[in-house]
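An overview of the molecular structure
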Amino acid sequence: MSFEYPQDFRYLDTHEYVRLDGEIGTIGITEFAVDQMGDVVFLELPDIGELVTKGETFGTIESVKAVEDLNSPVTGTVIERNEALIESPEEVAEDPYGEAWFLKVRVNDADEVLDALTADEYRALVEGE
């Protein structure tokens, strides 16, 4: 199977991504991670107003195979969370880079994303190139 790795995103080796739009970061998990997990059955996300910290756990995602921590690629305040995805977590498989984002955060320091992997670096990591 061939996976998509949007070039304008940054990635963690734990399979989260961030797309930066000014000071707003959109966080989710990659298509590769969704494929590895299988059917997602539960998603736990922080509330609006909570602080997420780069490199720290902000929630969990549960599939029929495992429960995984979700790690933040940036530090910032949650300004929006995907309520529709919390209600129907299986939808994450439909459009992980579009409608199935997890959080939108107001990023404290946009330069933090530079520590994350580029699309090519992430692809090499997960495809073992």
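Keep in mind that what you see is a predicted model, and the values were worked out from it rather than measured.

For the rest of this paragraph, the subject is the overall build of the protein chain. Broken down by element type, the protein chain carries three helices and nine strands. Mapped in sequence order, the helices and strands of the protein chain form the string β-β-β-α-β-β-β-β-β-α-β-α. The C-alpha radius of gyration computed for the protein chain amounts to 13 Å, which stays within 12% of the reference 14 Å derived for 129 residues, consistent with globular compactness. Buried positions account for 43% of the 129 residues belonging to the protein chain.

Burial within strand β6 (residues 57-63) is extensive, with five of its seven residues counted as buried. Bridge count for strand β4 (residues 40-44) against β6 is four bridges, and the pairing is antiparallel. Paired with Glu 44 across the bridge in β6 is Thr 60. Sheet topology note: the β6/strand β7 (residues 67-71) ladder contains five bridges and is antiparallel. Along β7, the bridge assignment pairs Glu 62 with Val 67. The antiparallel hairpin formed by β6 and β7 contains three residues in its connecting segment.

With that settled, consider the sheet that holds β6. Across the sheet, which stays open at both edges, the three strands sit in the order β4-β6-β7 with antiparallel pairing between neighbours. Only two strands of the sheet have a single partner each, and these edge strands are β4 and β7. Taking the axes of each pair of neighbouring strands and ignoring which way they run, one obtains an average angle of 25° across the sheet.

What follows covers the UniProt feature "domain: Lipoyl-binding" (unreviewed entry) in the protein chain. Taken from the UniProt record, the annotation "domain: Lipoyl-binding" (unreviewed entry) applies to residues 24-106. Helix and strand shares over residues 24-106 are 14% and 42% respectively, and the end C-alpha atoms of the span are 5 Å apart.

Thresholds, definitions, all that
Residues numbered from 1 in each chain as written. Predicted model: local features only at pLDDT ≥ 70, side-chain atom pairs only at ≥ 80, totals over all residues. Heavy atoms only, no water. Helix = DSSP H or I, 4+ residues; strand = E, 2+ residues; numbered from the N terminus. Rg over C-alpha atoms; globule rule 2.2 N^0.38 Å. Buried < 20%, exposed > 50% of the residue type's maximum accessible area, 1.4 Å probe, protein only. Pairing = 2+ DSSP bridges. Axes fitted to C-alpha atoms, helices over the stretch in contact; angles between N-to-C directions. UniProt positions renumbered as here; feature names shortened; annotations may be inferred.

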